[in-house]
Amino acid sequence: MKSRDYDLEAFWMPFTANRQFKAAPRMFVSAKDMHYVTDDGRKVLDGTAGLWCVNAGHCRPKIVEAVQKQVAAMDYSPAFQMGHPSPFRVAERIAKLAPGDLDHVFYANSGSEAVDSALKIALAYHRARGEGQRTVLVGRERAYHGAGFGGISVGGIPPNRKAFGSMLPRVDHLAHTHNLKENAFSRGQPAWGAHLADELETRIIPLHDASNIAAVIVEPMAGSTGVLIPPKGYLERLRAICDKHGILLIFDEVISGFGRLGPCFAADVVGVVPDMITIAKGITNGTVPMGAVIVRRGIYDAVVNSAPAGAIELFHGYTYSGHPLATAAAEASLDLYQEEDLFKRSQAIAPYFENALHSLREMPHVVDIRNLGMVAGIELEPDAGKPGARAFNVFLRCFEKGLLIRTTGDIIALSPPLIISESQIDELVDILGGALRDSGRD
Ligand SMILES: Cc1ncc(COP(=O)(O)O)c(C=O)c1O
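Note that the coordinates shown come from a computational prediction; the quantities given were computed from them, not determined experimentally.

A. Geometry of the layout of surface pockets. What the second largest pocket holds in volume is close to 1,200 Å³. Breaking the lining of the second largest pocket down by element, the ones donating at least two residues are α4 (85–97), β4 (102–108), α5 (111–128) and α12 (297–305). Class assignment for the residues of the lining of the second largest pocket results in 25 nonpolar, 12 polar and three charged.

B. Just the state of the cysteines, in detail. Applying the stated criterion across every chain, the model contains zero disulfides. Of all cysteine sulfurs in the structure, the one in Cys59 sits closest to Cys53, which takes part in no disulfide; the separation is 12 Å. Cysteine Cys264 is unpaired, with the sulfur of Cys53 as its nearest cysteine sulfur at 16 Å.

C. Main features of α12. Buried within α12 we find Ile299, Ala302, Val303 and Val304. Taken together, the buried residues of α12 touch α5, β8 (248–252), β9 (276–279) and β10 (291–296).

D. Looking closely at the sheet that holds strand β13 (residues 403–404). An order of β1-β2-β3-β13 is seen for the four strands of this open sheet, with the pairing classed as mixed. At either margin of the open sheet sits one strand with a lone partner, and together these are β1 (28–32) and β13. Across four bridges, the pairing between β1 and strand β2 (residues 35–38) is antiparallel. Within β2, the residue paired with Ser30 across the bridge is Val37.

E. How the structure looks around the environment of Pro159. Take Pro159: it is sitting in helix α7 (residues 158–162). Classification of Pro159 as exposed rests on a relative accessible area of 58%. Separated by 155 residues in sequence, Pro159 and Leu314 place their C-alpha atoms 33 Å apart.

F. Molecular detail of a negative patch on the surface. Negative charge collects at one region of the surface, where Glu422, Asp426, Glu427 and Asp430 lie side by side. Topologically, Glu427 is positioned in helix α16 (residues 422–440). Overall, the relative accessible area of 34% leaves Glu427 in the partly exposed class.

G. Main features of the site of the ligand. Every residue lining the ligand is accounted for by Ser110, Gly111, Ser112, Tyr144, His145, Gly146, Glu219, Ser224, Asp252, Val254, Ile255 and Lys281. Gly111 places a polar main-chain atom, nitrogen or oxygen, 2.8 Å from an oxygen atom of the ligand. At 2.5 Å from an oxygen atom of the ligand is found a side-chain nitrogen or oxygen belonging to Ser112. Considering the ligand on its own, with 390 Å² of exposed area, one finds that the protein chains cover 84% of that surface. Here the shell around the ligand is composed, by residue class, of three nonpolar, six polar and three charged.

H. Quick peek at the side chain of Arg239. Positionally, Arg239 belongs in helix α10 (residues 234–245). Taking relative accessible area as the criterion, Arg239 reaches 9% and is therefore assigned buried. In this structure, Arg239 is in contact with Ile247, Leu249, Val272, Val273, Pro274, Asp275 and Arg296, ignoring residues within four places of it in sequence.

I. Representation of the packing of helix α3 (residues 61–73) against helix α13 (residues 324–339). Relative orientation of the contacting elements α3 and α13 amounts to 155°, with a least axis distance of 8 Å. By the angle between their axes, α3 is roughly antiparallel relative to α13. At the point where α3 passes α13, the crossing takes the right-handed sense. Residues Lys62, Ile63, Ala66, Val67, Gln70 and Val71 of α3 form the contact with α13, whose participating residues are Pro324, Leu325, Ala328, Ala329, Ala332, Ser333, Asp335, Leu336 and Glu339. Here the residues of the contact of α3 with α13 sort into 10 nonpolar, two polar and three charged.

J. View of the sheet that holds strand β12 (residues 375–380). Strands sit in the order β11-β12-β15-β14 across an open sheet of four strands; the sheet is antiparallel. Looking at strand neighbours, the two that pair on one side only are β11 (366–372) and β14 (406–408), the edges of this open sheet. Pairwise comparison of adjacent strand axes, ignoring direction, gives a mean angle of 20° for this sheet. Pairing analysis gives three bridges linking β14 to strand β15 (residues 411–414), with the strands arranged antiparallel. Residue pairing for β15: Thr408 is matched across the bridge by Ile411. Its contacts with the sheet put α16 on β11, β12 and β15, and the angle it makes with β15 is roughly 170°.

The rules behind these values
Residues numbered from 1 in each chain as written. Predicted model: local features only at pLDDT ≥ 70, side-chain atom pairs only at ≥ 80, totals over all residues. Heavy atoms only, no water. 1 Å grid on protein atoms, 1.4 Å probe; cavity = no way out; pocket = protein on both sides within 12 Å on 5 of 7 lines; lining within 4 Å. Points joined across faces, edges and corners; volume = space filled by probe spheres on them. Helix = DSSP H or I, 4+ residues; strand = E, 2+ residues; numbered from the N terminus. Nonpolar A, V, L, I, M, F, W, Y, C, P; charged D, E, K, R; others polar. Disulfide = S-S within 2.5 Å. Buried < 20%, exposed > 50% of the residue type's maximum accessible area, 1.4 Å probe, protein only. Contact = heavy atoms within 4.5 Å. Pairing = 2+ DSSP bridges. Patch = residues over 30% accessible without salt bridge, like charges linked within 9 Å, V, L, I, M, F, W, Y side chains within 5 Å. Areas by Shrake-Rupley, 256 points an atom, 1.4 Å probe, with all protein chains shown as cover. Salt bridge = Lys/Arg side-chain N within 4 Å of Asp/Glu carboxyl O. Lys, Arg positive; Asp, Glu negative; His and termini not counted. Charge placed at Lys NZ, Arg CZ, Asp CG, Glu CD. Near = heavy atom within 4 Å. Polar contact = N/O pair within 3.5 Å; in protein donor to acceptor, adjacent residues only side chain to side chain. Axes fitted to C-alpha atoms, helices over the stretch in contact; angles between N-to-C directions. Parallel < 35°, antiparallel > 145°, perpendicular 65-115°, else oblique. Left-handed = near helix turned anticlockwise from the far one by under 90°.

Structure follows, in structure tokens:
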């Protein structure tokens, strides 16, 4: 290991076992295309697109140059009551990519802020239409919607909520859709589970009354909680119930957006048009922080047209909404995705990825392998009394052998950059298979 000219103590690392990490750090110092390089000079194959964000691979010259050029031309421009061209151009392009009449874009700086913004827009929309009593927000168990108070309230991951006292009031949760007994080793969307959406109509609506419910927010494919693929027909049913009762449907596509599942959005995979889509990560290929909410025209019109002329219509926003570096990175990323037809490539390589991953079925402790597009989850039987330890051990072994994977509890998540080649998929599966085999011997 390289000797360091800095100390590790002061940085309180996010979602990290700080003491364990600082005792045996894992450091990246550079990245190119499909690989990271560690501080001791080892190449590591990126099996996770960083954190589900580097869809076109690392340090792509087009994006790097666009950001360099922008920082030299205009580093910052005020986000309130002033504009600069790039966020308008990006919004127009996102509106063209989004399904249906989702054609307005509100910028934030992260997925968490995008989620908070979407929840606030839902409340503001109902209020603007004279239904200000609609304040109940419905999330789902095991959902991850970021780390803000809005996100953890509608989110459903117990450790993310446990230490933080009061959440938003008036929140309820649907049951999650994960069921190993019915759906283990499904390829693509599992057949069982569409009926789980009915709980919205049979339990939640009667409890709160539809007239009080503002919105339902779900990840169409729940990534961070361990790759939960939507059952066939489930999202369609949620849409129908929300429509029937005037409830907004928000898809959190922070992970699933920008080709991760093949088409640009998960909404396109299932043919469901939500009322809002939250995005982040892939919008800038992970290069500069950015989040956004894509909003249906009717929502924008209702909020904006209900305010007096000359008045600010939505009292919400961030100093860095539409930051010049972020929008420059977004424009270059969208160019690159288009030039390389990356979403088509994602669809084309997905069957190879699926077959390769499912070849690990007989490995020790594997209880499920599931996949959709360029995402896969491998669930391991937990070691008795040590939840998460088995998968983390596989993570460490993979890292030693030159592969980055991600684990949540005892679930391994894979989401490589969409430029991965067949031979790199073979390499990924080879290293992962070896690590599963070796850790099975412990
Ligand atoms: C579905 C979803 N929503 C929101 C977030 C939060 O994004 P950020 O970490 O940029 O705040 C994430 C992050 O992984 C996510 O997966």
